[in-house]
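One letter stands for each residue in the lines below.
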Amino acid sequence: MDFKEDNTYLTVKDYSVSGETFQLLRDENFDLLKTHPQPALENLGRYYESDDYISHTDGKRSLFEKLYHAVKQKALRDKISLVQRFKPSKGELLDIGAGTGDFLVVAKNHHWNITGIEPSEKARGIASLKSVPFTGSIQDVPSHSKDVITMWHVLEHVPDVRTHIAELKRILKEDGVVFIAVPNFNSHDAKYYGSYWAAYDVPRHLWHFSKMAIKKLFAEEDMELMNILPMKFDSFYVSLLSEKYKTGKMNFFNGFWRGLVSNTKAGKNMEYSSHIYVIKNAKNQNKAI
């Protein structure tokens, strides 16, 4: 991948923690953005030190957090239904970036053998109270051992995305399935809000994906797409946060309207705020995009 500082796509501020400014560099061949500069690994943790980082807490302090967790329950049911649609035989499921473990609890209740990976000690502690088992890192997972691997809004946080995808290939069974959910910077809400778009979330999001980027990156490991599915709620959630970053307040009407407009436009061009990518080993692929 070729990222040049003279090919800056956008300059974006970290609105939720540090207030620092970063550039988004673009590789046009992959249609992929990279946050620049990327924090050193030993410094990344401090950018997650906020009570407002909802995925690492079960907090329900504000109306926004209560709404988030209410919608989250439906999203969890939809995710396990999706997984079982593509892998009805069940088996070994690994959730990378498991957060507070809610998805794995649902998967366990649907008779999957579950394991999580989560770098946040705080989130792991909450998940452990729900009897969620963890392994240390992806390198600790045996080769060809997982029927399903899920990463719900996690790939954008991975420092070395190519090495990580190679590890996904290594640990997946030959007939296994990978589910990747990431934001889409080609969506209407991304283009409308520009540098205020909350899903850029720099520098926690180190990478920013398009459909082309996901397809090409996984093709390097001889893996192909089975399907691309919309995450329609994300346009509303991201637009509400973007309104806060842009205007200084949570404007529910404007956020809801912009999310609705984004989903309506995406119904025509298939560029939703976030997508779920369903990926298999190429030789097991029956229906390529």
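Residues numbered from 1 in each chain as written. Predicted model: local features only at pLDDT ≥ 70, side-chain atom pairs only at ≥ 80, totals over all residues. Heavy atoms only, no water.

**Some points on the overall build of the chain**
When its secondary structure is counted, the chain shows nine helices and ten strands. In terms of C-alpha radius of gyration, the chain reaches 18 Å, essentially the compact-globule figure of 19 Å for 289 residues. With the principal axes as the frame, the chain shows a C-alpha extent of 50 × 45 × 40 Å. Counting over 289 residues, the chain shows a buried share of 52%. Surface summary for the chain: the accessible area is close to 13200 Å², and the carbon and sulfur share equals 51%. With 39 positive and 36 negative side-chain charges, the chain shows a separation of 7 Å between the mean positions of the two kinds. (Helix = DSSP H or I, 4+ residues; strand = E, 2+ residues; numbered from the N terminus. Rg over C-alpha atoms; globule rule 2.2 N^0.38 Å. Buried < 20%, exposed > 50% of the residue type's maximum accessible area, 1.4 Å probe, protein only. Areas by Shrake-Rupley, 256 points an atom, 1.4 Å probe, with all protein chains shown as cover. Lys, Arg positive; Asp, Glu negative; His and termini not counted. Charge placed at Lys NZ, Arg CZ, Asp CG, Glu CD.)

**Quick look at the sheet that holds strand β7 (residues 172–183)**
Strand order in the open sheet formed by six strands is β5-β4-β6-β7-β10-β9, with mixed pairing between adjacent strands. At either end of the open sheet lies a strand with only one pairing partner, and these are β5 (113–117) and β9 (223–230). On average, adjacent strands in this sheet sit at an angle of 20° to one another, irrespective of strand direction. For β9 and strand β10 (residues 274–281), the ladder comprises seven bridges, and the chain directions are antiparallel. Opposite methionine 223, over in β10, you have asparagine 281 as the bridge partner. (Pairing = 2+ DSSP bridges. Axes fitted to C-alpha atoms, helices over the stretch in contact; angles between N-to-C directions.)

**Thoughts on the packing of aromatic side chains**
Two aromatic rings are characterised by how far apart their centres lie and by the angle between their planes. Per the counting criterion, the structure on display carries twelve aromatic pairs. On the numbers, 5.9 Å between centres and 35° between planes, the contact of tyrosine 15 with tyrosine 196 is tilted. One end of the pair, tyrosine 15, is in the loop between β1 (8–13) and β2 (21–27); the other, tyrosine 196, is in the loop between α6 (188–193) and β8 (207–208), and 181 residues separate them in sequence. On the numbers, 6.2 Å between centres and 70° between planes, the contact of phenylalanine 86 with phenylalanine 179 is edge-to-face. (Phe/Tyr/Trp six-rings, centres within 6.5 Å; stacked < 30°, edge-to-face > 60°.)

**Focus on the sheet that holds β8**
Strand order across the open sheet formed by four strands is β1-β2-β3-β8, with antiparallel pairing between neighbours. Every interior strand has two partners, whereas the edge strands, β1 and β8, have only one. In the sheet, strand β3 (residues 32–36) pairs with β8 via two bridges, with the strands oriented antiparallel. Note on β8: the bridge partner recorded for lysine 34 is tryptophan 207.

**Section: helix α8 (residues 232–247)**
Its 16 residues give α8 an end-to-end C-alpha distance of 24 Å, which sits within 8% of 22 Å, the value for a rise of 1.5 Å per residue. Three or more residues of α8 are buried, namely Asp234, Ser235, Phe236, Val238, Ser239, Leu240, Leu241, Ser242, Glu243 and Tyr245. Positive backbone phi, at 90°, marks glycine 248, one or two positions downstream of α8. (Expected span 1.5 Å × (residues − 1).)

**Section: the nonpolar core**
In globular proteins that are soluble, nonpolar side chains generally tend to be buried together. In this structure, Leu155, Ile180 and Phe209 are the most contacted members of the largest nonpolar core, which totals 35 residues. Counting residues per element, the ones that place at least two in this core are β4 (92–96), β6 (146–152), α5 (161–171), β7, α7 (211–219), β9 and β10. Those residues in contact with leucine 155 that sit more than four places away from it in its chain are Val161, His164, Ile180, Val182, Trp207, Phe209, Ile214 and Phe218. Counting residues in hydrophobic clusters, the runner-up holds 25 residues, among them Ile80, Leu93, Phe179 and Met231. (Core = buried A, V, L, I, M, F, W, Y, C linked by side-chain atoms within 4.5 Å. Contact = heavy atoms within 4.5 Å.)

**Topic: the environment of arginine 170**
Looking at the secondary structure, you find arginine 170 in helix α5. On a C-alpha basis, the gap between arginine 170 and alanine 213 in space is 20 Å, while along the polypeptide they are 43 residues apart. Residue contacts for arginine 170: discarding those within four places in its chain leaves Ile138, Gln139, Val141, Pro142, Ser143 and His144. Separated by 2.9 Å, the side chain of arginine 170 and the backbone oxygen of valine 141 make a polar contact. (Polar contact = N/O pair within 3.5 Å; in protein donor to acceptor, adjacent residues only side chain to side chain.)

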